[in-house]
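For reference, the chains in residue letters:
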Amino acid sequence: MRKIFILLIVLIPFLVSNSQDYKTRSDFSSDESYGEYVKKTLKIGMRVRLNQKDEKTQKGSYGIYYGTNNGNPPCLVAWDKDQGTS
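Just so it is clear, the model here is predicted, and its values are computed rather than measured. (Residues numbered from 1 in each chain as written. Predicted model: local features only at pLDDT ≥ 70, side-chain atom pairs only at ≥ 80, totals over all residues. Heavy atoms only, no water.)

Student: Would you mind going over the nonpolar core with me for this structure?
Tutor: Soluble globular proteins tend to pack their nonpolar side chains together in the buried interior. If you look at the biggest cluster of nonpolar residues, it comprises 13 residues, and the most contacted ones within it are Tyr37, Leu42, Val48, Tyr65 and Val77. At the level of secondary structure, the elements contributing two or more residues to this core comprise α2 (31-41), β2 (47-50) and β4 (76-79). The element contributing the most residues to this core is α2, with three residues. (Core = buried A, V, L, I, M, F, W, Y, C linked by side-chain atoms within 4.5 Å. Buried < 20%, exposed > 50% of the residue type's maximum accessible area, 1.4 Å probe, protein only. Helix = DSSP H or I, 4+ residues; strand = E, 2+ residues; numbered from the N terminus.)

Student: Any chance you could explain a nonpolar patch on the surface here in plain terms?
Tutor: A cluster of nonpolar side chains, contributed by Ile44, Tyr66 and Leu76, occupies part of the molecular surface with about 320 Å² of accessible area. Its location among the elements puts Leu76 in strand β4. Leu76 gets classed as partly exposed once you look at its relative accessible area, which sits at 32%. (Patch = residues over 30% accessible without salt bridge, like charges linked within 9 Å, V, L, I, M, F, W, Y side chains within 5 Å. Areas by Shrake-Rupley, 256 points an atom, 1.4 Å probe, with all protein chains shown as cover. Salt bridge = Lys/Arg side-chain N within 4 Å of Asp/Glu carboxyl O.)

Student: Where do I start with the environment of Tyr37 in this structure?
Tutor: When you line up the elements, Tyr37 lands in helix α2. Note: C-alpha distance between Tyr37 and Arg25 (12 residues apart in sequence) is 9.6 Å.

Student: Teacher, can you tell me more about the side chain of Thr57 here?
Tutor: If you trace the backbone, Thr57 turns up in the loop between β2 and β3 (62-67). Take Thr57: its relative accessible area is 4%, and that puts it in the buried class. What Thr57 contacts, discounting residues up to four positions off in sequence, is Leu50, Trp79 and Lys81. (Contact = heavy atoms within 4.5 Å.)

Student: Please explain the packing of aromatic side chains as it appears in this structure.
Tutor: Centre distance and the angle of the planes are the two values used to describe a pair of aromatic rings. Using the criterion set out here, one finds three aromatic pairs in the structure. Here the aromatic cluster, defined as three or more aromatic residues joined through ring pairs, consists of Phe28, Tyr34 and Tyr37. (Phe/Tyr/Trp six-rings, centres within 6.5 Å; stacked < 30°, edge-to-face > 60°.)

Student: Help me understand the environment of Lys59 in this model?
Tutor: By secondary structure assignment, the location of Lys59 is in the loop between β2 and β3. Considered as a pair, Lys59 and Arg49 are 10 residues apart in the sequence and their alpha carbons are 8.0 Å apart. Residue contacts for Lys59: discarding those within four places in its chain leaves Leu50, Asn51, Gln52 and Lys53.

Structure, rendered in structure tokens:
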């Protein structure tokens, strides 16, 4: 489950002069290599987007990554819809 959830997260660059262009799944030969990239790159406070629907959140939803508890769920994200923002 952990690997699958990480793959659902897309890194979103902030619109600032120093913004970094993040790689997408299409830049990698496998889900595993993309998942490793996301795990290495993802930092607390980063904006993320869900690229597949899960049981509670719609595809395309945005949120803020707050860390992991190495359990279930493996990624802690405060989704904008849950916060009443967009």
